[in-house]
Structures are given as structure tokens and as C-alpha cells.
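# Close look at the chain arrangement
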Amino acid sequence: MGEQQDPSPNGIYSKPVSLNIEFSGGLEMLFSNQRSHHIQMPAKGPSKQPVNIGFLVRHLCENLMKDKRKDLFVLEDRIRPGILVLINDADWELEGEEEYLIQDGDTILFVSTLHGG
Amino acid sequence: METSLEAENKVLKKRISELEAQLAGHSDRPLVTSQKSHPPPNIVSKGEVKLSLEEYKRYGRQMILPEIGIEGQMSLKQSRVLIVGAGGLGCPAAAYLAGAGVGTLGIIDHDTVENSNLHRQIIHSTSRVGMMKVVSAVTYLRDLNPHPNYVPHIEPLTTENSLRIMAEYDLVLDCTDHPAIRYLINDVAVIMGVPIVSASALRTDGQLVVLNNPPGVGPCYRCIWPRPPPAESVVGCGEGGILGPVVGLMGVMQAIEAIKIITKNPVRDIGRTEMTLFAAYGASPFRSLKMRGRKEGCVSCGSPERAEKITRESIEDGRMDYVAFCGGRVGVQVLHEGERVSVAEYQEVVDSGVDHLLLDVRDETQFGICQLAGSLNIPYAEFEALKYEDSEAEEIKSKFRDQPKDRPVYVICRLGNDSQIVARQLKEAGVFPDDRVFDIKGGIVEWARSGVAGEFPEY
Ligand SMILES: [Zn+2]
């Protein structure tokens, strides 16, 4: 997805990162009804900073999410209330939330909280 | 020989009088106190709790587990568990906890049994349709195990009664179906120092988490979900659907967690909270997630100095409006009366033979279950997605490219909400003459219930 190679200021090429993006609790319906996606994403953002979860979320909205109902995933530029973000199966709060720096091979899971019973 | 018989006689007589006193409700003394080392043959005591011979047999298969043992069984018998909601989660949870020998089992619900409940709410029955769920549940549970003390609460859990009710219990199972009540249960349980076993389910997925465990140590519902989801993102089982065994599984897992808490299973890693996800159709159906801990800044369980801290008083005074906090649930009303027709009026259109288009906006699965003759199916989701497009009007028009534009259009869905929104979109897009687009009030469900066209399935 996007550029495959991203020249950095000092001439070194930063490889894209491979990520497993997963959706649960109904969120998969916003992502082509697919619970699991393998994606590639540049390892550095436009200003050459390493990419974090905040960047990933925008990337998903722009590239992976075909559904137009963006506000069911992101509200006021943040993950909407009721969605949990798990980085390698750990609550993103334990990992620095949006500031967590994406590592190659990470599994990022988005869970919509259920209320039925 | 005579002396031992006399001694036994004396013990039995004493016991009879104690039992009689207890029956009359006047005894608060432990029945067997002086006999700790040599209990009567059919009684083992632990404080005021004892097991009859029948109970030894009944609970034997779980008591021989080292995780339970006689101590665990006594703890179960001493425990008081409240189940909020006698639905898809509450039914199996209640059955297993009653079966396991919980001493006091309270159940709160204000609904009646409907036959659309029965594929998942397994302790109710066809013969009890129309009965209060709590009464139906207790009927089943008493038959399953007569020993527990069943406490029926036939009322909704509210800010007025929740503190009083929850004061009688040591553990609460959240088996409800809306965030507003989940926040209420949480806040009251935190104030009362009671752990919460919380589960939920929808479609083919389930979620389980144990909160406020141990009380004051583990995170609470608000630690994990400080802000409620937007009301429009909350989907219930009635709209989204639910696979019976999925919600059943989550309820059974609640019973397991409850038993672990009551029997103080030492294996549990104190202070670490995990959430279990279940996805029946997922590649790996079970998943365990490591959750955040308790938050100092939490308005429910956090530091008491915070101004916005939720207290017993703020709940009792009615200052906490949980429904407003969660945004309530608003019925759709985007058309005025003249733009809507009743199912009877639509039946007249059919009978009169007037040429018209019937547009059914339910999804393909629902359309496949039953449909009205001659209807065109274009799912609501297709219209909804177009709302965000600049080319909305053009794209809507292209959907009706092959349809004559000079006949009236009637839009129907399951309940009469989506159909109003689509009717509004059709009007705004100018696909058909504005005054000839109508919504059918109450949808397919009303069509079936009213019987205007004879028998029609309601689902
Ligand atoms: Zn909290």
C-alpha cells in the first residue's frame, strides 16, 4: 500500500513494515467484512518520523476502509469511544496509546465493545 | 453402648430444637458449634453453613476437584450472587451457579418471556411464554436445585433501588444488554466493594471481563471504557441478531469466573485483568487480551478527592443520569405524517391494483427470510454509504435506472426506521416525484402483526 520504498534524508532506504490488522466485535463490517488484513505501510511518515498508532489509524481510514461511515471508527480524530485497541494482544494504554511506535510484524487489533446479552 | 446411644439421642434432640428455631426464623446461632471435631454423621459445619448428605452427593463431582474441595463448596454455599438480566447470558449463568450450590441467588429483570427468546434463554420454556422472566427462571432453578435461596427482583435496576439491592450480595454478574445499565452496575458495585463478572454478546461474537476484582484493586468498567459509545453505534440482539450458543457460552463462562472468585482460586493472577474475546467464526475463536489496570483518575473507582467522583450520594440524589450519559435511544422520525402510510393503507394500494414500486431496504439475509410479492430489494447499507458521497443523488438515480418514474413508491424495512431514511434520500435525490414516495409505518414486523394480508412470518 502506498510507496514501497521511502528514501530517508541520509540516503538510507527505510523498508515498509508488515502488519497484521484485525477487527472484532462488528468492526470487520467496516473493513470489507474481513476480520484479518495483512498490510504493508511505510516505516516513516511524511516528515520522516517513525510511524505510530495515530499514523496507522489515519492510514487505515484512507487506504483500508472502503466504508464511508468513518465516524463509526474515528470520531474527532481519535478512535471512537467503545473501541479498544490492542497491540500484540495488550491494551494500547499499556504501550503508550497513539504514541506507540509501530514495529515490523506487529498485530494491531481493534475491538468494538459489545453490549448485547 | 447405652451411654453412646443416650449421647446421640441428646445431640439429635438438641439439633431438632435448633432446626425448629431456625425454621421459625429466630435462630442466628450456628447450628453445630460445639461439635467441630466430631460433627454428627450427616452434617459438616463451617460457621453457619452445613451440607446435607444429599448435598454431598449432589456436589460430589465438583467437590473432589482440588480447586473446589469441601472448603470451596462451603464458600459457594455462603455466597450471595446477583444476576442482573435473566436473558441469554443470565439464563445459563444462573443454571450453573444454582447447580453448583451457590447459597443465595438473586435475579433481577422486569421483562416477560417471549418465544423469540427461547433459542438462547434456555431456562425459560414454551409453556412459560408471557410469564415474568424472573418467575420463570426461579421455577426452573428450584427444580434444578432446591437448596439455594432464590431471591426474585421483578423490577428494573435503577439509581433508586440499585444500592439497596446490591447491598445484599457479594458478587454481581452483569448479564444486561445496554451500556447505560452497565455503567450503573459498575458504579454501584464499586461503591459496595463487589466484583463484577461482565459479559456481552452480539451476532457470533462474545466478550468477557472480570472487573473490580479484587474490589479496589482491579480496574472497573469506567477504567476501561471511560466514555460511552455513541448511541447510534450500540446494536442490540434484536437488531443485530445473536447465535444462541455464543451468548450461552459467554454466560457459562461468567459462571466459571464467579465460581473461581467465590472459591478464591489461588491461581488467579491478582491485579492483572484479562478480557476474553470469542469469535465463533474467527480463525482462532478464543483470544485473551491483557488489559490496563485500575486508573487513579477514574471517576468511579479512582481517587476520592476528585470533584466529579461518583458517590453513593450522587447516585441516590438522582444526579447520575445514565440514560442521558449514554445518549439514550432515539426513534427515527424524519418524515411527516403525510409521507407515511400504515400497513392497512398499503394493503388497500395492493388490493386496488394501482401500479407501484415496493422497495424493501432490509439486508439480503432478512429479505431471504420472507418478502412481500413483487418487492425490489436494495439494502439500506447501500443508501447509507452514499450519504457521504458528493454524487449521492446521481448514484441513487442510477440504482433506479430501469424503473418507471411515473408510479408511486413505497419503502419498507423491518421496523420502519431505515425505510424513513431511505424515503427521505429518494425525495432529496429527486428520483421520483417527491409527493409519491411513502414509507410504510412499522415495516415488515407491523405487516405481520396486523395480519392485514393474512398470515405472514414475524421474526
Ligand atoms: Zn475505574
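Residues numbered from 1 in each chain as written. Chains lettered and ligands numbered in written order. Predicted model: local features only at pLDDT ≥ 70, side-chain atom pairs only at ≥ 80, totals over all residues. Heavy atoms only, no water.

Under the annotation held in an unreviewed UniProt entry, chain B carries the name Adenylyltransferase and sulfurtransferase uba4 and is attributed to Tuber melanosporum. Per UniProt, the comment on chain B under Subcellular location (unreviewed entry) is "Cytoplasm, Cytosol". Under the Sequence similarities (unreviewed entry) heading, UniProt states for chain B: "In the N-terminal section; belongs to the HesA/MoeB/ThiF family. UBA4 subfamily." (UniProt positions renumbered as here; feature names shortened; annotations may be inferred.)

Under an unreviewed UniProt entry, the name given to chain A is Ubiquitin-related modifier 1, and the source organism is Tuber melanosporum. Quoted verbatim from the Sequence similarities (unreviewed entry) heading of the UniProt record, the comment on chain A is "Belongs to the URM1 family." What the UniProt record of chain A gives under Pathway (unreviewed entry) is the line "tRNA modification; 5-methoxycarbonylmethyl-2-thiouridine-tRNA biosynthesis."

### Let's talk about the pairing of strand 8 (residues 205-211) of chain B
All names here are of chain B. The buried count for strand 8 comes to 7 of 7 residues, which makes it a mostly enclosed element. Residues Asp205, Gln207, Val209 and Leu211 point to one face of strand 8 and Gly206, Leu208 and Val210 to the other, with burial holding for every one of them. If you look at the hairpin formed by strand 7 (residues 196-202) and strand 8, you'll find 2 residues sitting between the two strands, and Arg203 has a positive phi there, around 55°. Two elements, strand 8 and strand 9 (residues 274-279), share 5 bridges in a ladder whose sense is antiparallel. Residue Val209 lies in a different strand from strand 9, and its bridge partner there is Met275. (Buried < 20%, exposed > 50% of the residue type's maximum accessible area, 1.4 Å probe, protein only. Helix = DSSP H or I, 4+ residues; strand = E, 2+ residues; numbered from the N terminus. Pairing = 2+ DSSP bridges.)

### Describing empty space enclosed by the protein
Scanning the entire structure with this criterion turns up 1 cavity of 30 Å³ or more. Volume-wise, the largest cavity comes out at about 70 Å³. Looking at the largest cavity, the residues that line it are Thr113(A), Leu114(A), Arg182(B), Ser198(B), Ala199(B), Ser200(B), Gln207(B), Leu208(B), Val209(B), Tyr221(B), Trp225(B) and Met275(B). Only strand 7 and strand 8 of chain B provide two or more residues apiece to the lining of the largest cavity. Its residues assigned to classes, the lining of the largest cavity shows 7 nonpolar, 4 polar and 1 charged. (1 Å grid on protein atoms, 1.4 Å probe; cavity = no way out; pocket = protein on both sides within 12 Å on 5 of 7 lines; lining within 4 Å. Points joined across faces, edges and corners; volume = space filled by probe spheres on them. Nonpolar A, V, L, I, M, F, W, Y, C, P; charged D, E, K, R; others polar.)

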